[in-house]
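Tertiary structure, described
If you want the building blocks of each chain, they are given just below.
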Amino acid sequence: MLLTALTLDESPRLRWRKILTEYFRVTGDWSVYSLSPCIIVGEGDVFSTSFSIGNGSITFAPSPCWNGRFMVLPAEKPCLLTPDLDPGLFISCRKELTGYDFPRFHATIDGVALIEKEADSFRILRSRHLRKDRD
């Protein structure tokens, strides 16, 4: 399966990794480490598609949800991405999360990546940086 994801700038990436490490310590859910901190944009190859990220800033609701493949923190509405995308900040491959309260999280976007998922592993096939504040 192919996925398109947005990568995070360094500071939010490190903050999110710290939150996921704390979540792992509480729950033992190792799948938080299976993918680098990123925002899942959608299934398929949307890598070459043009979409606006505005100023590259996005806030996520503190209530995790299952997007059909992964547990994510959904982007708060309105989101600067195109309306047909439903981005979520990757948490886990588990369908149910218990015993942990996630904070509202704010992140800035660095780039886009095309990722291949096979069984329990992920592989980045391509990535590129994105420009912010472009129409």
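Quick look at the structure, then. None of the values given here were measured: they were computed from a predicted structure.

1. Side note on the overall build of the protein chain
- Of regular secondary structure, the protein chain possesses 1 helix and 8 strands.
- Whereas a compact globule of 135 residues would reach a radius of gyration of roughly 14 Å, the protein chain reaches 14 Å, a difference of no more than 12%.
- Overall, the C-alpha framework of the protein chain stretches about 40 × 30 × 25 Å when taken along its three principal axes.
- Sorting the 135 residues of the protein chain into buried and exposed places 45% on the buried side.
- Considering only intrachain contacts with a sequence separation of at least 6, the fraction spanning at least 24 residues in the protein chain is 70%.

2. Let's talk about the packing of aromatic side chains
- All told, the structure shown has 9 aromatic pairs when counted by the stated rule.
- Seen in terms of ring centroids, Y100 and F102 are 4.8 Å apart; in terms of plane orientation they differ by 70°. Their pairing is edge-to-face.
- Taking NZ or CZ as reference, K117 lies 5.5 Å from the ring centre of F122, over its face.

3. Topic: the pairing of strand β5 (residues 71-74)
- Residues M71 and L73 of β5 are buried on one face, and the alternating residues V72 and P74, pointing to the opposite face, are buried as well.
- Two elements, strand β4 (residues 65-66) and β5, share 2 bridges in a ladder whose sense is antiparallel. Note on β5: the bridge partner recorded for C65 is V72.
- Between β4 and β5, which pair antiparallel in sequence order, lie 4 residues; one of them, G68, sits at a positive phi of approximately 105°.
- Summarising the sheet, β5 and strand β6 (residues 88-92) pair through 4 bridges and their orientation is antiparallel. Paired with L73 across the two strands is L89, which belongs to β6.

4. Notes on the pattern of salt bridges
- Enumeration according to the criterion identifies 5 salt bridges in this entry.
- The partner of R104 in a salt bridge is E76, and the shortest N-O contact between them spans 2.4 Å. You can see R104 sitting in the loop between β6 and β7 (105-118) and its partner E76 sitting in the loop between β5 and β6, a full 28 residues away along the chain.
- Take E76: its relative accessible area is 24%, and that puts it in the partly exposed class.
- The shortest N-O distance in the salt bridge between E116 and R123 comes to 2.2 Å.

5. Comments concerning the side chain of D29
- Position of D29 relative to the elements: it lies in the loop between α1 (10-27) and β2 (38-43).
- The class of D29 is buried, set by a relative accessible area of 0%.
- For D29, the side chain forms a polar contact with the side chain of S31, separated by 2.7 Å.
- Polar side-chain contacts of D29 include one of 2.4 Å to the side chain of S92.
- Residues contacting D29, with those up to four places away along its chain left out, are Y23, F24, S92, R94 and L97.

Rules used in this analysis
- Residues numbered from 1 in each chain as written.
- Predicted model: local features only at pLDDT ≥ 70, side-chain atom pairs only at ≥ 80, totals over all residues.
- Heavy atoms only, no water.
- Helix = DSSP H or I, 4+ residues; strand = E, 2+ residues; numbered from the N terminus.
- Rg over C-alpha atoms; globule rule 2.2 N^0.38 Å.
- Buried < 20%, exposed > 50% of the residue type's maximum accessible area, 1.4 Å probe, protein only.
- Contact = heavy atoms within 4.5 Å.
- Phe/Tyr/Trp six-rings, centres within 6.5 Å; stacked < 30°, edge-to-face > 60°.
- Lys NZ or Arg CZ within 6 Å of the ring centre and 35° of its normal.
- Pairing = 2+ DSSP bridges.
- Salt bridge = Lys/Arg side-chain N within 4 Å of Asp/Glu carboxyl O.
- Polar contact = N/O pair within 3.5 Å; in protein donor to acceptor, adjacent residues only side chain to side chain.

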